[in-house]
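If you want the building blocks of each chain, they are given just below.
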Amino acid sequence: MNPSKNQRSWPFLPGRAMEIVRAEGAYLHTSKGQAILDAAGGAIVVNVGHGRERVAKAVYQATKDTSYVVPPWLTPSRRAMVDALSDWLPSELTRVHATSGGSEANEAAIKMAVQYQSAVGRPEKTKVISRDLSYHGTTLATTSASGHPGRRKGLERAIESWPFSPTPYPLRCPLGRHHPDTGRWYVDALRQHILDEGSDNVAAILAEPITDSSGGAIVPPDDYWPGVRRLCDEFNLVLILDEVMTGFGRTGRDFGHQHWPITPDILVSGKGLAGGYAPLGGVFGTEAIG
Ligand SMILES: Cc1ncc(COP(=O)(O)O)c(C=O)c1O
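Since the structure is predicted, the reported quantities are computational estimates derived from the model, not experimental observations.

1. Things to note about helix H4 (residues 102–119)
Its 18 residues give H4 an end-to-end C-alpha distance of 25 Å, which sits within 8% of 26 Å, the value for a rise of 1.5 Å per residue. Restricting attention to buried positions, one finds in H4 the residues Gly-102, Ser-103, Ala-105, Asn-106, Ala-109, Ile-110, Met-112, Ala-113, Tyr-116 and Gln-117. Phi turns positive, to about 90°, at Gly-121, one or two residues after H4.

This is the structure:
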């Protein structure tokens, strides 16, 4: 027998979910008439504010004009998105793939990195090294790549043991708090992980430029990312930067990695890309990899 209407509950807070009936600007409005300041923009998603008429009209127009067209074909809204992205993306990242969110975008980036290694004659390069404090999504592969015990709980036997290198954490560096050699220590630790896994087996490094969803904005030392980029070049590894949270202006630059003089081979986005107005993620690659 089907449960009656009032027996069903919203899964997160059974029986006591708060109801949001309207959202505008930076505020959420509840069914009880309260206004709540949504200072974080949901899960760091709503980069342009709630309820913007211009965005709603564009979504209406896009769905009315071309509700669905198979991915290889261009539509006016796809063309407009690619053109708009040109103002944001680093010039090296010329290839644009759309997904339905950040998890799927990371999943696609992992597949692209492994397929790229295979295509250039390095098929044994299949491992992806991520970091011990990290979150990259909800799929099985991205859960395998996420060093987040709470989100792996109950799945340990279903996911794979992917290698983790330590997340650069100046406050907890084994050399001491904010030690001047912190960046070098973490780059050396990553080098050791690559060697331990066998550099011929490693396809890619996957990481957030600034550790957010699993660490609350942990900024690495300035020499960390240039050091990681050098390791990727030395060992032919694809550098995948997960900018699902740090992308599209969240850290004061267009993308979080732009605080340092580096460019990833694949940049992954979600959240702010569509600001919560549509389920959308993006994988942006170089000519060679994308
Ligand atoms: C860094 C990071 N990567 C990936 C994801 C997954 O994105 P989505 O929830 O759009 O699948 C998130 C979501 O919180 C995230 O913060």
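2. Comments concerning the domain arrangement of the protein
Along its sequence, the protein is carved into domain 1 (11–60) and domain 2 (80–285). Using only C-alpha atoms to locate each centre, domain 1 and domain 2 end up separated by 29 Å. Listed per partner, the contact involves 14 residues of domain 1 and nine residues of domain 2. For the domain 1 and domain 2 pair, buried surface summed over both sides reaches about 870 Å², with 55% attributable to carbon and sulfur atoms. A per-residue breakdown of the area domain 1 buries against domain 2 is headed by Ile-44, Val-45 and Asn-47, which together make up 58% of the total. There are zero salt bridges connecting domain 1 and domain 2. Along the contact surface separating domain 1 from domain 2 lie six residue pairs in polar contact (both at pLDDT 80 or more). Those elements that place two or more of their residues in the side of domain 1 that touches domain 2 are helix H1 (41–44) and helix H2 (53–65).

3. Here's the deal with the site of the ligand
Looking at the ligand, there are 13 residues lining it, with Gly-102, Ser-103, Glu-208, Asp-242 and Lys-271 nearest. Lys-271 places a polar side-chain atom, nitrogen or oxygen, 2.9 Å from an oxygen atom of the ligand. Summarising the interface, the protein chains cover 81% of the accessible area of the ligand, which totals 390 Å² for the free molecule. No other element matches H4, which puts three residues into the shell around the ligand. In terms of residue class, the shell around the ligand is made up of three nonpolar, seven polar and three charged.

Basis of the calculations
- Residues numbered from 1 in each chain as written.
- Predicted model: local features only at pLDDT ≥ 70, side-chain atom pairs only at ≥ 80, totals over all residues.
- Heavy atoms only, no water.
- Helix = DSSP H or I, 4+ residues; strand = E, 2+ residues; numbered from the N terminus.
- Expected span 1.5 Å × (residues − 1).
- Buried < 20%, exposed > 50% of the residue type's maximum accessible area, 1.4 Å probe, protein only.
- Domains from an automatic or database assignment.
- Contact = heavy atoms within 4.5 Å.
- Buried area = accessible area lost by both parts, 1.4 Å probe.
- Salt bridge = Lys/Arg side-chain N within 4 Å of Asp/Glu carboxyl O.
- Polar contact = N/O pair within 3.5 Å; in protein donor to acceptor, adjacent residues only side chain to side chain.
- Near = heavy atom within 4 Å.
- Areas by Shrake-Rupley, 256 points an atom, 1.4 Å probe, with all protein chains shown as cover.
- Nonpolar A, V, L, I, M, F, W, Y, C, P; charged D, E, K, R; others polar.

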